[in-house]
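Next come the chains, spelled out residue by residue.
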Amino acid sequence: MKTIIYPNNETDLTGYEKINSDEIIIYDKTGDIETDLPKESSLEIFSNADNIIFTQNCIINGEYDITPLKEACTEIRDSIREDAVMIFDTVVPPRTVYKMSKIIDEYELIPDINLAYTTKITENVRAAAGKNETSLERTINLYENMGDEIKTVKHIQSAEIIPILQSAYRDTLIALSNQTAILSEAITVDLIEAIDMANLDENVNLLYPQPVLDNKTIRNSEEIVKLADEYGEASQLSETTRSTNNYVSYHMAYMAEKELYLKEHLAMFETTVAVLGVTNDDTLKTEKDNASLILIDDFVSRDVEVWVHDDKISEELIEQHGAKKITLDEAYDADCIIIMTDNPEYKNIDPEKVEKVIITALPLLDSEKFKDKEYSSVGQYRLKKGEML
């Protein structure tokens, strides 16, 4: 049995040598795919392939873009056998495989085209679905030696939406906590303590309030809104989730302004704010809906001098937002330090070096160590001595 893998430069081919096939070949038409597996550049290899696995990365600049799949399917559609099984092994929006089938078999000449979809949904579990029994059985057979438990679902589009649901679930839980955090500060509730206690119920799994700074969560939650719009359905929950989690940035700006004005008697235009942490990803995938950049832009629009620390972000990008890139030590000179991510280095902030105000977007620091500083965290803002009712 011969299996052709069609990747692009964004594909991680690690582990595909374990595919259960007599022969595995990587299609590399440009010669720049890095792999130890055998490579071929001719379309002729598809004419005698039993299985074709598409592994193109379809997330470009932080957004779904199925153009690489469209181009691949268009390229090979005249070179494949009618009985070949075509497996799409990449994260894509629902109904993508259906759209690819219309490209491969544009004139509907293949009575029962063999299509399947698979993707990892946890570290050790892979979801799989096929258009027919042949497609599903072949997929399971090919992947059974890769070390993942394979779970099957009835329909391909059901498998496609699983990663989107996983991310949107997390986004929604965070939105609940962020919304409640703002209320909790007004009514002097320690939301972190309340969440810890609420989670003692095995049916409850609340997350702490926090800015959403990983692209996957934002992208997949927004994808539900896009799909709902495309198919004329409602998406109020996802829309509210996104707006709530973006609003937490403005709330943190308000927290800083209140602390600086009431405790230090400073107007915001007189201050310097250091924002620590811009993204939780390895690199910033997109600036869209990034909570830290929203916060930075809000401060800059009000003539606040903003300093930013995040080694994963270029100085050029920070300057484009009207801010200045700094070292972590330089942050101590700011009037207000705002910590947006849970980087280990931020957990070791020295309270003795903090000049005036320090705020965290999530419960990160030991409040006892900062009892002599103007320190607060989202969901615990007003919980200081003498302020409880």
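The present account deals with the structure reproduced in this document. (Residues numbered from 1 in each chain as written. Predicted model: local features only at pLDDT ≥ 70, side-chain atom pairs only at ≥ 80, totals over all residues. Heavy atoms only, no water.)

### Things to note about the pairing of strand β10 (residues 149–152)
- Strand direction decides the pairing type here: strand β9 (residues 125–130) and β10, joined by four bridges, are parallel. Following the sheet pairing, Ala 127 is matched in β10 by Lys 151.
- Between β9 and its parallel partner β10, the chain crosses via helix α3 (residues 133–143), and the hand of that crossover is right-handed. (Pairing = 2+ DSSP bridges. Helix = DSSP H or I, 4+ residues; strand = E, 2+ residues; numbered from the N terminus. Right-handed = clockwise from strand over helix to strand, strands pointing away.)

### Observations concerning the side chain of Arg 242
- Its location among the elements puts Arg 242 in helix α7 (residues 236–264).
- Classification of Arg 242 by relative accessible area gives buried; the value is 5%.
- In this structure, Arg 242 is in contact with Asp 171, Val 212, Ile 218, Ser 221, Glu 222 and Asp 289, ignoring residues within four places of it in sequence. (Buried < 20%, exposed > 50% of the residue type's maximum accessible area, 1.4 Å probe, protein only. Contact = heavy atoms within 4.5 Å.)

### Thoughts on the pattern of salt bridges
- Considering all chains together, one arrives at 24 salt bridges under this definition.
- We note a salt bridge from Arg 81 to Asp 50, for which the minimum N-O separation is 3.0 Å. Taken together, the positions of Arg 81 in the loop between α1 (67–76) and β7 (85–88) and Asp 50 in the loop between β3 (39–40) and β4 (51–54) put the pair 31 residues apart, joining distant regions of the chain.
- Under the relative-accessibility criterion, Asp 50 is labelled buried at 18%.
- Here Arg 170 ties to Asp 214 by a salt bridge, and the two come within 3.1 Å at their closest N and O atoms. You can see Arg 170 sitting in helix α4 (residues 156–186) and its partner Asp 214 sitting in the loop between α5 (191–198) and α6 (215–230), a full 44 residues away along the chain. (Salt bridge = Lys/Arg side-chain N within 4 Å of Asp/Glu carboxyl O.)

### Some thoughts on the packing of aromatic side chains
- In this structure the tally under the stated criterion is seven aromatic pairs.
- An aromatic cluster is present here, built from Tyr 6, Tyr 27, Phe 46, Phe 54 and Phe 88 joined pairwise through their rings.
- Taking the ring centre of Tyr 98 as reference, the NZ or CZ of Arg 95 above it sits at 4.6 Å.
- The ring of Tyr 64 is capped by Arg 219, whose NZ or CZ atom sits 4.9 Å from the centre of that ring. (Phe/Tyr/Trp six-rings, centres within 6.5 Å; stacked < 30°, edge-to-face > 60°. Lys NZ or Arg CZ within 6 Å of the ring centre and 35° of its normal.)

### A word on the sheet that holds strand β16 (residues 374–377)
- Pairing in this open sheet of six strands is parallel, and the strands run β13-β12-β11-β14-β15-β16 from one edge to the other. Each edge of the sheet is formed by a strand with only one pairing partner; in this case those strands are β13 (324–325) and β16.
- Bridge count between strand β15 (residues 357–360) and β16: four bridges; the pairing is parallel. Paired with Ile 358 across the bridge in β16 is Tyr 375.

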